[in-house]
Amino acid sequence: MRISPTTSTTKPVRTCTSTYYAAPIQNVVSAPSKPTKLINTTSRSPYDLEHLKLSTCTSSSSSSFLDVAPETSTSKLSKKWKDYQGFKNWEGLLDPLDDNLRREIIRYGHLVEAAYHAYDFDPSSSSYATCRYSKMKLLSEAGLPASGYRVTKNLTATSGIQLPSWAEKAPNWMAMRSSWIGYVAVCQDRKEISRLGRRDVVIALRGTATGLEWLENLRATLTPLHDADSDSDSDCDCDSESEPMVESGFLSLYTSSVKNRPSLQKQVREEMGRILEKYGDEPLSFTITGHSLGAALATLAAYDIKKTFKNSPLVTVISFAGPRVGNWSFRCHLEKQGTKILRIVNSDDLITKVPGFVIDNNENRHSGGGYKAATANVVGWVQKLVEDTQWVYADVGCELRLSSRDSPDLNGINIATCHDLKTYLHLVNGFVSSNCPFRATAKKMMSKSLAKN
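Report on the accompanying structure. Because the structure is a prediction, the values reported are computed rather than measured. (Residues numbered from 1 in each chain as written. Predicted model: local features only at pLDDT ≥ 70, side-chain atom pairs only at ≥ 80, totals over all residues. Heavy atoms only, no water.)

The number of helices and strands found in the chain is 16 helices and 11 strands. When the 453 residues of the chain are sorted by exposure, 55% land in the buried category. Counting only contacts in the chain whose residues sit at least 6 apart along the sequence, the fraction spanning at least 24 positions is 78%. Counting every atom, the chain has about 20300 Å² of accessible surface; 52% of that belongs to carbon and sulfur. (Helix = DSSP H or I, 4+ residues; strand = E, 2+ residues; numbered from the N terminus. Buried < 20%, exposed > 50% of the residue type's maximum accessible area, 1.4 Å probe, protein only. Contact = heavy atoms within 4.5 Å. Areas by Shrake-Rupley, 256 points an atom, 1.4 Å probe, with all protein chains shown as cover.)

Below, the structure is given as structure tokens:
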């Protein structure tokens, strides 16, 4: 776990602070978590890292220091589930990383993995870009037969890019406009509901897979969210003249439709409305989780759900390797809604540093008097100039920052490996605290200390 070199804070795990980092403009967003052979043979692909321990055992028996610690109390999660869902912005749970929270993050990561496993990546297949399994068998076939969840809705995303007529002859992976991107699942197992303390509804979304999804990723300029609330809030430190804006390509994938394929937005709204009508009288949570592109779409879906359903329960985003999504005003609207977002970030992952620039708004707002005021005016003028380019983004929610460099199981730094979902789950499983970044490292430190004594 490392501090970004552009920040002066000494606390690497940030819980909803207002400090942001500047990064060069990049147009690369998202990589599919599909098994691939990496060019750098000194770095193992996480899909070959079977030795990486991702135990989510809830047994009360003792476990190795390298394994996820056993759940200390089955009632702790159920009694404090809102804390683990971010109601208090994960205060006191991130550094050191609470074992119950670690287990929940990994559990949601496995639900995202199921979306990858269920997706047909083969362009030559007649079922390319669709789900390979029925709703009833999806989770069991994808490796989660005892999850306690039941899939209730398949989700598709559609690109808004208009292709020329000759593109109809292009390969499927290039011309496919609509593709299966994930699912909605509702916890139905009574024991799991009791363990969680509520009925949990999950939306799990995969990362980039098709050619048009890649092109949408490259449409990195900001575009307005025209349906955002127009009223201002004195508690929200936003410019009254600023409107919420998000990345053009992400918004296109969320709101576009074609022929008999409704938009992802419409699908999410309809299913969440149905679920609220059916289960709205009992303790309920909406958890939206995704990797890479899926993490960006999860943030948009969370914003949309809170805006559409005034009676919605606690909405939480668990974001793995997500790129930036919107501007400062968009961040403010998310906070005003009460949407809770936990971003799991690998410092060595390029995708989490794009798109656009990030400017520290708080520093400009709170400078005062004399030289500082004059400096703030100059900085404000430069900021306004940059903002006009529609490239100024803001990181959202709370952040758990990890690093591939801290793991003794990951040799070297490889772009694809650093972005892979399995790498993220490995790092979450191993992370202890900012003072002791990784369990294996801690074990060696303890051994050396005991040897000296």
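Still more ground to cover, so stick around.
The full count for this structure, using the stated rule, is 2 aromatic pairs. Centroid distance Tyr119 to Phe121: 4.7 Å. Interplanar angle 75°. Geometry classified as edge-to-face. Like Tyr119, the residue Phe121 is buried in the burial classification. Seen from their ring centres, Tyr303 and Phe330 are 5.5 Å apart, and the 55° between their planes marks the pair as tilted. Here the residue Tyr303 occupies a position in helix α10 (residues 293–308), and Phe330 occupies one in helix α11 (residues 328–337), the gap between them amounting to 27 residues. There is no split in this pair, since Tyr303 and Phe330 are both buried. Over the aromatic face of Trp328 sits the side chain of Arg331, whose NZ or CZ is 5.5 Å from the ring centroid. (Phe/Tyr/Trp six-rings, centres within 6.5 Å; stacked < 30°, edge-to-face > 60°. Lys NZ or Arg CZ within 6 Å of the ring centre and 35° of its normal.)

As a general point, the strands of a sheet are linked pairwise by backbone hydrogen bonds and lie either parallel or antiparallel. Strand order in the open sheet formed by 7 strands is β1-β2-β3-β6-β7-β8-β11, and the pairing between neighbours is mixed. Of all the strands in the sheet, just β1 (149–158) and β11 (398–402) have a single pairing partner and so form its edges. Averaged over neighbouring strand pairs, the angle between their axes works out to 15° when direction is ignored. Of the strands in this sheet, β1, β2 (178–187), β3 (199–205) and β6 (284–291) touch helix α9 (residues 264–279), which is tilted by about 155° from β1. (Pairing = 2+ DSSP bridges. Axes fitted to C-alpha atoms, helices over the stretch in contact; angles between N-to-C directions.)

Within α11, 8 of the 10 residues are buried, which leaves it mostly tucked inside the rest of the structure. For α11, the complete set of buried residues consists of Trp328, Ser329, Phe330, Arg331, Cys332, His333, Leu334 and Gln337. Immediately downstream of α11, the backbone of Gly338 shows phi near 90°, a positive value.

Everything listed is a geometric property; what it means functionally is a separate question.
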